[in-house]
Amino acid sequence: MGVEAHATNERVTGRRWTVRLDPVGRGRADVRVSCSRPACAAQVLPSAAAGRTAAIGHLKAHLRAGPAPRPSAQCACRAEECHTHIRPAGPRERPVPWRCGGAVVLAVITDREGRWWQVMECCSRCAAAHPTGKVVATAPAAEAAARSDGFRADAAGPTAPGGTATPGGPAATTPTFSAAGPHFSHTATAAGTAVPQQASAPRPDHRSDPRSAPRSARPPRRRPPRGRIAQRLVPHDLRPVALRDELTELGELFRAYQARTEPDLAMLADLHARKAEAFHAWAEATADTGLRLDARRAEQAAATARLQHLHRIGQAPDGEGPAVARLLTAPAQWNHARSVLAHVAENAPLPGAEARLLVVMVTLRTAQSGVGNLVGQDIKGLPLHDPQHLVEQLVESGWLGISGTVEELIASRPENPTRITVPSLTPDEDDPGPFTFGRKLRPKLSGWAQRVVGEKKLRKGKTEADVRLLALALATGSDGEGRLGPGGEGIGVDTLSSWCAADPGDLPALVDRLTAADWLAEAEVTDTLLTGRLTERVLPLGCPLT
């Protein structure tokens, strides 16, 4: 009899109320907290943080004092014909007209900015469709609740309000929350909102017989969080599962690597290699051409990172022998060294090999900001016949500016260097300058050029400026094994003579000087090309062509 009375009751619409956080006025810091329930008065708080705390506390109070979700309540979303949350029934699921699917739950939905919180009595499928939805309580199965109500009505008869049967009607089916739950937390999410934690209403203990637990009383299943890698979301249904897990793990490892304070190129190369293999498998599973292209790019990134790692630790790329421990270790540094030499060749203010060599050294001292320091030994250590006159010419041409006189520059010592400026290298708002490297690389490039120009055998052999300019050109014009030119095919004679500010007919004599200084081996000069290779002794000074 109690069951029949329960079944004939008019179905009620699911409850819904909202707690809002709104600014009081433009340009003011205080906020207003309001609740859509009629008995709740608005509050004004001095700040958004205090208002958010008060709003969440107000919401908690309602949830603790209010009744649990009713198994017979009509879904709030369904009552408003919210088609966004209604999914078509599958072959094995035929939901009733007043529910989208699953048990009736009490869910809390919030916006990502933390401006409002809405409590909604709805079905579990609608709650799961909201990205920020959290289920705080689940109603027991309707059949179990009906049997329980009928039993209490038949056994106890009419009782007073407050959880017992009333005269002329069935027992009450809206149990209240206990003092122990549900619980909410005021933990800020990534967007700064407070999201309640999931809790459930008290349910009968079915641990003795799990099969006796009603299916609708079980908490709704949620999909695991989707993985993300290289701006791609890993599909939930990607198979095999091992591939899906590998892609998810790789995304987390890449994000962890980006958070490191120090680079680890070996680790980065391994990650790119794993990514290439996983993307190849992903492309095969989905026939996606974009994934195949990403896999090839990952292979290239892995090879580049591994090569850079080997250069840093001084090992050969093939692992069969010791690599060259170069003074400049990375391809970017080699390219910057070539860019400085090319700039000087095109913008030298004075003719002649000696002026060209001095301009190279001064440019490397001032390349990043157009300002630097110079001492007398820096100039007197170069093979210049009249260094003072040459500096005076650079000053008179306007290319170089010094603080003081040329005599003071020549006589200056390391403890009292002379400030110099090169206006053409000074960046401004309209012209950032000809070079793109930073302050940390500039002294490395300057030190490399000094090592090449002042190399021991070149210095002891008292070689002239044109010979040392040729040494710089060959150091930046050979491959990783020291062979001259791209692929060891040689360097053009006209290019070398132009760089060294020498006549092409004088180039064989310059090559002989470098061969005698144990810089070149197997050198051969024709009318058009210089072929040969750098000796192993000077390979550490080279900047290989890439």
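Not measured: the values here are computed from a predicted model. (Residues numbered from 1 in each chain as written. Predicted model: local features only at pLDDT ≥ 70, side-chain atom pairs only at ≥ 80, totals over all residues. Heavy atoms only, no water.)

**Focus: a negative patch on the surface**
- Among the surface-exposed residues, Asp428, Glu429, Asp430 and Asp431 lie close enough to one another that they form a single negatively charged patch.
- Mapped onto the elements, aspartate 430 comes out in the loop between strand S11 (418-421) and helix H14 (441-453).
- By relative accessible area, which is 79% here, aspartate 430 ends up exposed. (Patch = residues over 30% accessible without salt bridge, like charges linked within 9 Å, V, L, I, M, F, W, Y side chains within 5 Å. Areas by Shrake-Rupley, 256 points an atom, 1.4 Å probe, with all protein chains shown as cover. Salt bridge = Lys/Arg side-chain N within 4 Å of Asp/Glu carboxyl O. Lys, Arg positive; Asp, Glu negative; His and termini not counted. Charge placed at Lys NZ, Arg CZ, Asp CG, Glu CD. Helix = DSSP H or I, 4+ residues; strand = E, 2+ residues; numbered from the N terminus. Buried < 20%, exposed > 50% of the residue type's maximum accessible area, 1.4 Å probe, protein only.)

**Side note on the side chain of threonine 418**
- Looking at the element boundaries, threonine 418 is found in strand S11.
- Looking at threonine 418, the relative accessible area reads 7%, which means it is buried.
- Ignoring sequence-local partners within four residues, the contact set of threonine 418 consists of Gly372, Asn373, Leu374, Ile402, Ser403, Glu408, Leu409 and Ser412. (Contact = heavy atoms within 4.5 Å.)

**Quick notes on the nonpolar core**
- Counting residues in each nonpolar core, the largest one holds 71 residues, and the members touching the most others are Leu358, Leu400, Trp448, Leu470, Leu474, Leu514 and Trp519.
- Not counting the four nearest positions on each side in its chain, tryptophan 448 is found in contact with Leu327, Leu328, Ala337, Leu341, Leu472, Ala475, Thr476, Leu541 and Cys543.
- Of all hydrophobic cores here, the second largest spans 19 residues; its members include Leu243, Leu250, Trp282 and Leu291. (Core = buried A, V, L, I, M, F, W, Y, C linked by side-chain atoms within 4.5 Å.)

**Focus on helix H9 (residues 331-347)**
- Here H9 contains 17 residues, and its C-alpha end-to-end distance of 24 Å stays within 8% of the 24 Å for a straight helix at 1.5 Å per residue.
- Burial in H9 covers these residues: Gln333, Trp334, His336, Ala337, Arg338, Val340, Leu341, His343 and Val344. (Expected span 1.5 Å × (residues − 1).)

**Section: the sheet that holds strand S2 (residues 31-35)**
- Strands sit in the order S3-S2-S1-S5-S4-S6 across an open sheet of six strands; the sheet is antiparallel. For this open sheet the edge positions go to strand S3 (43-45) and strand S6 (134-138), each flanked by a neighbour on one side alone. Between one strand axis and the next, the sheet turns by 20° as a mean value, whatever way the strands run.
- Bridge count for strand S1 (residues 16-23) against strand S5 (residues 116-123) is five bridges, and the pairing is antiparallel. Looking across to S5, one finds that threonine 18 is bridged to glutamine 118.
- Docked against the sheet, helix H2 (residues 48-65) engages S1, S2, S3, strand S4 (104-110), S5 and S6, running at close to 170° with respect to S1. (Pairing = 2+ DSSP bridges. Axes fitted to C-alpha atoms, helices over the stretch in contact; angles between N-to-C directions.)

**Here's the deal with the confidence of the model for the protein chain**
- Summing up the model confidence of the protein chain, the mean pLDDT is 78 and the portion of residues at 70 or higher is 75%.
- Mean pLDDT values for the elements of the protein chain range from 40 in helix H1 (residues 2-7) up to 93 in helix H16 (residues 465-475). (pLDDT = per-residue confidence, 0-100.)

**A closer look at the pairing of strand S9 (residues 371-374)**
- Taking every second residue as pointing to the same face, the buried face of S9 carries Gly372 and Leu374, while none of Val371 and Asn373 on the other face is buried.
- Judged from the four bridges that link them, S9 and S11 form a sheet pairing that is antiparallel. Counted as the bridge partner of leucine 374 is threonine 418 from S11.

**Quick notes on the environment of arginine 442**
- With respect to the helices and strands, the residue arginine 442 is situated in helix H14.
- Sequence-distant contacts of arginine 442, that is, excluding residues within four places in its chain, are made with Leu364, Arg365, Ala367, Gln368 and Phe437.
- A polar contact is formed between the side chain of arginine 442 and the backbone oxygen of leucine 364, at a distance of 2.9 Å. (Polar contact = N/O pair within 3.5 Å; in protein donor to acceptor, adjacent residues only side chain to side chain.)

**A short note on the side chain of arginine 326**
- Looking at the secondary structure, you find arginine 326 in the loop between helix H8 (289-313) and H9.
- A distance of 2.8 Å separates a polar atom in the side chain of arginine 326 from the backbone oxygen of leucine 539.

**Details of the packing of aromatic side chains**
- Within this structure, the stated rule accounts for two aromatic pairs.
- With a centroid separation of 5.5 Å and 80° between ring planes, the pair formed by phenylalanine 279 and tryptophan 282 is classed as edge-to-face. Taken together, the positions of phenylalanine 279 and tryptophan 282, both in helix H7 (residues 265-286) and three residues apart, correspond to about one turn of that helix. Both residues of the pair, phenylalanine 279 and tryptophan 282, count as buried.
- Ring geometry for phenylalanine 435 versus phenylalanine 437: centroids 5.6 Å apart, planes at 25°, classification stacked.
- Residue phenylalanine 435 is classed as buried on the basis of its relative accessible area, which comes to 10%.
- Its guanidinium or amino end placed over the ring of phenylalanine 254, lysine 275 lies 5.8 Å from that ring's centre, counting from NZ or CZ.
- The cationic tip of lysine 275 hangs over the ring face of phenylalanine 279; the distance from NZ or CZ to the ring centre is 5.5 Å. (Phe/Tyr/Trp six-rings, centres within 6.5 Å; stacked < 30°, edge-to-face > 60°. Lys NZ or Arg CZ within 6 Å of the ring centre and 35° of its normal.)

**Some thoughts on the pattern of salt bridges**
- Counting across every chain of the model gives 21 salt bridges.
- Here glutamate 455 makes a salt bridge to arginine 537, at a shortest N to O gap of 2.3 Å. One end of the pair, glutamate 455, is in the loop between H14 and helix H15 (456-460); the other, arginine 537, is in the segment after strand S14 (529-534), with 82 residues separating them in the sequence.
- Here arginine 537 falls in the partly exposed class, since its relative accessible area comes to 32%.
- Salt bridges here are not isolated pairs; linked through shared partners, they connect Arg232, Asp288, Asp294 and Arg297.

**What to know about the sheet that holds S11**
- Pairing within the open sheet is antiparallel, and its three strands lie in the order S9-S11-S10. Of all the strands in the sheet, the pair left with one neighbour each is S9 and strand S10 (401-402).
- In this sheet, S11 lies alongside S10 in antiparallel orientation, the contact comprising two bridges. For glycine 401, the partnering residue across the bridge sits in S11 and is threonine 421.
- This element, helix H10 (residues 353-366), spans S9 and S11 of the sheet and lies at about 120° to S9.

**Quick word on helix H18 (residues 507-516)**
- Turning to H18, its buried residues number three or more, namely Leu507, Leu510, Val511 and Leu514. All buried residues of H18 lie within an arc of 100° about the axis, which places them on one face of the element. Opposite its buried face, H18 presents the exposed residues Asp512 and Ala516, each directed more than 90 degrees away.
- Among the structural elements, H15, H16, helix H17 (493-500), strand S13 (520-525) and S14 are those in contact with the buried residues of H18. (Arc of directions from axis to C-beta.)

**A look at the pairing of S13**
- Direction of pairing for S13 relative to S14: antiparallel, over a ladder of four bridges. Directly across from leucine 520, in S14, lies its bridge partner leucine 534.
- Hairpin connection, S13 to S14: the antiparallel pair is bridged by three residues.

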